[in-house]
Amino acid sequence: FWAILSHKIQHPEMERLGKKKITDLTDGEHEKLRQMMINQKVLGLSLSSGGHLTHGFRGNISSKMMQSFEYDVDPKTGEIDYVALEKRAKQVRPLILIAGYSAYPRRLNFARFKEIASSVGAVLLVDMAHFAGLVAGGVFQGEYNPIPYADVVTTTTHKTLRGPRGGLVLCRREYAPAVDRGCPMVLGGPLPHVMAAKAVAFEEALSPSFRIYARQVVSNCQVLAEEMQSKVGGVLTKGSDNHLLVCDVMSAFSLTGRQAEAALHRAHLTVNRNLIPEDPLGAWFTSGVRMGTAALTTLGMDETCMKEVASIIIDLLRKTKPLPKGNLPLTQTQVDISPEDLLQAQTRVADLLRSYPLYQEIPDIEMVRSSQAGSSCGAASR
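In what follows, the accompanying structure is described. (Residues numbered from 1 in each chain as written. Predicted model: local features only at pLDDT ≥ 70, side-chain atom pairs only at ≥ 80, totals over all residues. Heavy atoms only, no water.)

## With respect to the state of the cysteines
Inspection of the entire model under this criterion finds zero disulfides. Here C171 is not cross-linked by a disulfide; its sulfur's nearest cysteine counterpart is in C183, at 17 Å. (Disulfide = S-S within 2.5 Å.)

Okay, here's the thing in structure tokens:
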């Protein structure tokens, strides 16, 4: 963000003033420049529509450094309406248009985003933190690949890219000098061990096996979404094109997202509660739960396993007692599951994981003891 502000606002203003260095500005000139920068506009996908906190959510610093505006998904389809987005962009006329998400289950058309950004003179910033592995793995191609269209691309390296916790910024040449001045702008000391880990991750992402992994992530997620939708409904957009899905657990199970999250965590299933469009329960309790398949795919699980995962989730949440009618979750956050039902779910999770150890080189006594039992979802598929 600051690199774009520097390139688009700070540098032209300093040229106008005939100043070469920021330290050459008078106090008055610097304050005027600062006000110019923080009064620029950013337009991003709303949090309830699947956008990220950093895309202008009012509780996040991204809304403090600029004026933030939101666009939403179509409430009926749950998908981005590009005609409505273009209308919103022309209304706001932002300096930065953000394309990206943390809980949106469909692909984005970056060619269309670029058209919209260009029509209002905006910089197209793509946050591909969640789906960078699907770009690197060749799953997102053509108009669904952000690289040919974006002015700036940001990503983490630890999600579908499967690298260390960290980030990466890609940009067109005109933005490179500003991006490279991350120090002294916002960056401090470098972390060489993380750099080395990123290099390993990038090398892995160039391998044929990574492309297989990326395709399997999407295939697994589609099967998981199909199972959830066909058995209980509530899956936003009724499916997925990427690595994640969001399920409206309030409509499917009469549970808040927080209750469903807690119940699944107790059964050793890691998910997170998540807003859904126009969520009546707010960001703390939520009506939805987000699930992803990247980690399960890395373990070697396939579509058959996803059916078992869906079955475990559905069976457990069906047995979790819902909120009493008329008493929404302002005071109730606990879940009520019988010990027997919880143990059954935990056992099924353990049975599934036994055939897919995190580190195959490290034997587990219990795993070795039961290795002849096999698996319900075909470990040989690895």
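## Observations regarding the side chain of D248
Relative to the elements of secondary structure, D248 occurs in strand β7 (residues 244-248). We note that D248 is buried and unpaired, the nearest opposite charge coming from K238 at a distance of 10 Å. If we ignore the near neighbours within four places in the chain, the residues touching D248 are G234, I276, S287 and G288. (Helix = DSSP H or I, 4+ residues; strand = E, 2+ residues; numbered from the N terminus. Buried < 20%, exposed > 50% of the residue type's maximum accessible area, 1.4 Å probe, protein only. Lys, Arg positive; Asp, Glu negative; His and termini not counted. Salt bridge = Lys/Arg side-chain N within 4 Å of Asp/Glu carboxyl O. Contact = heavy atoms within 4.5 Å.)

## Things to note about the nonpolar core
Across soluble globular proteins, nonpolar side chains show a tendency to be buried alongside one another. In terms of nonpolar packing, the biggest core is built from 41 residues, with I80, L85, L97, L108, F113, V126 and F131 touching the most fellow members. Those elements giving two or more residues to this core turn out to be β1 (41-45), α3 (82-92), β3 (96-100), α4 (110-119), β4 (123-127), α5 (132-136), α9 (208-231) and β7. It is α9 that contributes the most residues to this core, five residues altogether. Ignoring any residue separated from it by four or fewer positions in sequence, one finds L85 in contact with L43, Y71, I80, L97, F113 and I116. (Core = buried A, V, L, I, M, F, W, Y, C linked by side-chain atoms within 4.5 Å.)

## A look at the environment of S68
Along the chain, S68 turns up in strand β2 (residues 67-71). For the pair S68 and V92, spaced 24 residues apart in the sequence, the C-alpha separation amounts to 9.6 Å. Dropping the residues within four chain positions of it, S68 is found in contact with V42, G56 and S63. Looking at S68, its side chain comes within polar contact range of the main-chain oxygen of G56, at 3.0 Å. (Polar contact = N/O pair within 3.5 Å; in protein donor to acceptor, adjacent residues only side chain to side chain.)

## Quick look at unusual backbone geometry
The omega angle of the peptide bond from C183 to P184 is 20°, so this bond is cis rather than trans. By the element assignment, P184 lies in helix α7 (residues 182-185). Residues other than glycine seldom take positive phi values, yet R93 does so here, at roughly 55°. Relative to the elements of secondary structure, R93 occurs in the loop between α3 and β3. Positioned with a positive phi, K238 is a non-glycine residue whose angle comes to about 60°. One can find K238 in the loop between α9 and β7.

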